[in-house]
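Listed below are the residues making up each chain.
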Amino acid sequence: MDTPTLLAHLHHHDTALSLPRGAFLRWDDADLHRAAHTGDPEGYALLGLAPGVRPWQRARVLLQILAASQAGLDDRARAVQARVARVLTLGLPPAHVITVLLALRRLRANHKHTTRTALRFVLEHPAADALIAARRPALRDCFEHALGTATARGCASRIAGGDTASDYLQRRLLRFLTHPAAAPARVRALYNADNAAAAAGGPAAVGEPVLPVDTVRERPATITATNRGDIAATLVHLYRGGPAEDLYAALGRYVGAAAAAFPRFTGTVALVMDASASMRGYGDREWAALSQTAALRMVLSQVCARLEVIETGGDERTPRGATDLATGVLDALGAGPDLVAVVSDGYENVFPGDLARVVASLPHAGITTPVVFCHALFTGSDDLTLRRPAPALPQRGFWHQDDFAELLPWMFGHCDAGAPWLRAALHDRLDALDRQADTLTARIAA
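Residues numbered from 1 in each chain as written. Predicted model: local features only at pLDDT ≥ 70, side-chain atom pairs only at ≥ 80, totals over all residues. Heavy atoms only, no water.

> Would you take a moment to explain the overall build of the protein for this structure?
Counting its regular elements, the protein contains 19 helices and 5 strands. With the principal axes as the frame, the protein shows a C-alpha extent of 80 × 50 × 35 Å. Per-residue burial over the protein gives 53% buried out of 446 residues. Put simply, of all contacts in the protein between residues at least 6 apart along the chain, 76% involve residues at least 24 apart. For the protein, the exposed area adds up to about 19,400 Å²; of that, 50% sits on carbon and sulfur atoms. The centroid of the 46 positive side-chain charges in the protein is displaced by 10 Å from the centroid of its 45 negative side-chain charges. (Helix = DSSP H or I, 4+ residues; strand = E, 2+ residues; numbered from the N terminus. Buried < 20%, exposed > 50% of the residue type's maximum accessible area, 1.4 Å probe, protein only. Contact = heavy atoms within 4.5 Å. Areas by Shrake-Rupley, 256 points an atom, 1.4 Å probe, with all protein chains shown as cover. Lys, Arg positive; Asp, Glu negative; His and termini not counted. Charge placed at Lys NZ, Arg CZ, Asp CG, Glu CD.)

So, in structure tokens, the structure goes:
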């Protein structure tokens, strides 16, 4: 599995899955998803939970892991896929999940893990009553595909006649559920419009996920140098001459808390840190880019077993001079790192184009160390037209401390040493989302 390519695709490609009437499923990147799943089923499923993955890409991951056979997978991989599927059925907009389940029907894919996931969505989703009221025909189709039409209608007939826990229902329906007590009423609602409306209190469209997979970020109405996260804000106050003792104490707490969100990276990162005059900025933007760059350096210093910092220009307290990124990259490679990360605002004013030429020459010199470019931005919508000194490099922007949650997996995903780190980070993320899902589904039992 080509992790950097797949992760970039998951972050940027958000075309919807569609099911035209009487036509095949429209899934424009199916080959990419199938190949990634075949290469590493567990890692592929986990990548669907990476911060910043687009909702329709998460829907594709759900579709792929439900459509594919699990024959030959070990217990660990099966368990991870089952847990990811549960999180995604709660963490995606319900309409996306319904599209996936109807696509499985169109593809005639119906494995045991497919059945289990579909039934739990239809009958145990925290908003199941409202969903059945709003999308009853579609959910009934999903229910019948999961069990088979004859079995599904047989279960519905028995439930309509008063059966709620017979051996027949247990073997054919209830054994797939976590909280079977709510199932009979919802099966009745699937086959009776009056029951559906009564159970939901009237039809209601449910459009939002019940489990936010990514933290919802509130963008400030006005972005300043000091509302870009606690670390950067504290650094700005220090650069402006604030009370050093108190600020340094707070800075240590903020950096420690931010770094604690990530596993330990056991490899070596060489950080080419632009400390030229342009990084200081001016007016309302003074210290914004440099403070965010320094914040990243501080977090990486606690996350990485070895961090080599190569400053170009001045330093983070006294930025000065011009930007010589090419020499910085060459110096960084001399440290023998697993990854070189260039962090800059993108203005290269010593031998413009030199970074691009150096990067292009590295493979010819037998150097295979990955090099990535991290854009220090003022806002997420900065114009980068004149700020791409090496367009061929993998590039990603960041302007807020919260961006580190996406930036670090993207960075480490480019090197071999980052593979175990990325898997550990995504397992931690799955564990946290699983606990939230447990809380949500426990409401069914209550």
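> Help me understand the environment of Pro-319, please; the structure alone is not making it clear to me.
Tracing the backbone shows Pro-319 in the loop between strand S2 (304–313) and helix H16 (325–333). Residue Pro-319 is classed as buried on the basis of its relative accessible area of 13%. On a C-alpha basis, the gap between Pro-319 and Ile-159 in space is 74 Å, while along the polypeptide they are 160 residues apart. When near neighbours in sequence (up to four residues on either side) are disregarded, Pro-319 contacts Ala-275, Ser-276, Ala-277, Arg-280, Trp-287 and Leu-290.

> Quick question: what am I supposed to make of the packing of helix H7 (residues 112–124) against helix H8 (residues 128–147) here?
For any two helices packed against each other, one specifies the inter-axial angle together with the distance between the axes. Their axes nearest at 9 Å, the elements H7 and H8 cross at an angle of 160°. Put simply, H7 runs roughly antiparallel to H8. For the crossing formed where H7 meets H8, the hand is left-handed. Across from Thr-115, Ala-118, Leu-119, Phe-121, Val-122 and Leu-123 in H7, the residues of H8 making contact are Ala-128, Leu-131, Ile-132, Leu-139, Cys-142, Phe-143, Ala-146 and Leu-147. Class assignment of the residues belonging to the contact of H7 with H8 gives a composition of 13 nonpolar, 1 polar and no charged. (Axes fitted to C-alpha atoms, helices over the stretch in contact; angles between N-to-C directions. Parallel < 35°, antiparallel > 145°, perpendicular 65-115°, else oblique. Left-handed = near helix turned anticlockwise from the far one by under 90°. Nonpolar A, V, L, I, M, F, W, Y, C, P; charged D, E, K, R; others polar.)

> I'm lost on the pairing of strand S4 (residues 371–376) in this one. Help?
Each regular strand displays side chains that alternate between the two surfaces of the sheet. Among the 6 residues in S4, 6 count as buried, and that is most of the element. Residue alternation in S4 divides its side chains into two sets, Val-371, Phe-373 and His-375 and Val-372, Cys-374 and Ala-376, and both sets are buried. With 5 bridges joining them, strand S3 (residues 339–344) and S4 adopt parallel strand pairing. From the neighbouring strand, Val-343 faces S4, where its bridge partner is Cys-374. Read from S3 through helix H17 (residues 354–361) to S4, the crossover connection turns out right-handed. Pairing of S4 with strand S5 (residues 395–398), which is carried by 4 bridges, proceeds in the parallel orientation. Across the sheet, Ala-376 pairs through a bridge with Phe-398, a residue of S5. (Pairing = 2+ DSSP bridges. Right-handed = clockwise from strand over helix to strand, strands pointing away.)

> Can you help me understand the layout of surface pockets in this one?
Vacant regions in the atomic arrangement are exposed by a probe of water-molecule size rolled over the atoms. Here the largest pocket defines a volume of roughly 1,600 Å³. Residue lining of the largest pocket: 47 residues in total, with Pro-51, Gly-52, Asp-214, Ala-405 and Glu-406 positioned closest to the centre. For the lining of the largest pocket, the secondary-structure elements that each account for two or more residues are helix H1 (3–12), helix H4 (55–67), S5, helix H18 (404–412) and helix H19 (418–445). Examining the composition of the lining of the largest pocket, we find that 8 residues originate from one element, H19, more than from any other. A class-by-class count of the residues in the lining of the largest pocket yields 24 nonpolar, 11 polar and 12 charged. (1 Å grid on protein atoms, 1.4 Å probe; cavity = no way out; pocket = protein on both sides within 12 Å on 5 of 7 lines; lining within 4 Å. Points joined across faces, edges and corners; volume = space filled by probe spheres on them.)

> Mind showing me how you'd approach the pattern of salt bridges here?
Between side chains of opposite charge, a pair can form as their charged atoms come close. What the rule picks out here adds up to 21 salt bridges. Arg-83 is the partner of Asp-434 in a salt bridge, and the nearest nitrogen-oxygen pair spans 2.5 Å. One end of the pair, Asp-434, is in helix H19; the other, Arg-83, is in helix H5 (residues 75–91), with 351 residues separating them in the sequence. Judged by relative accessible area, which is 24%, Arg-83 ranks as partly exposed. Residues Arg-387 and Asp-382 are paired through a salt bridge, measuring 3.4 Å at the closest nitrogen-oxygen approach. (Salt bridge = Lys/Arg side-chain N within 4 Å of Asp/Glu carboxyl O.)

> What should I look at first to understand the environment of Arg-388 in this one?
In this fold, Arg-388 is placed in the loop between S4 and S5. Between the C-alpha atom of Arg-388 and that of Arg-280, which follows or precedes it by 108 residues, the distance is 19 Å.

> Hey, could you run me through the packing of aromatic side chains in this one?
Remark: the centre distance and the inter-plane angle together describe each pair of aromatic rings, the angle taken between the planes. The final tally for this structure, using the stated rule, is 6 aromatic pairs. Consider the rings of Phe-265 and Phe-412, whose centres lie 4.3 Å apart with planes at 0°: the pair is stacked. One end of the pair, Phe-265, is in strand S1 (residues 265–275); the other, Phe-412, is in helix H18, and 147 residues separate them in sequence. With a relative accessible area of 0%, Phe-412 lands in the buried category. With a centroid separation of 6.2 Å and 55° between ring planes, the pair formed by Phe-398 and Phe-404 is classed as tilted. Looking at Phe-398, the relative accessible area reads 1%, which means it is buried. Cluster of aromatic residues (ring-pair linked, three or more members): Phe-262, Phe-265, Phe-412 and Trp-421. The ring centre of Tyr-191 lies 6.0 Å from the NZ or CZ of Arg-140, which sits over that ring. Note that Arg-219 overlies the ring of Trp-399, its terminal NZ or CZ placed 5.5 Å from the centroid. (Phe/Tyr/Trp six-rings, centres within 6.5 Å; stacked < 30°, edge-to-face > 60°. Lys NZ or Arg CZ within 6 Å of the ring centre and 35° of its normal.)

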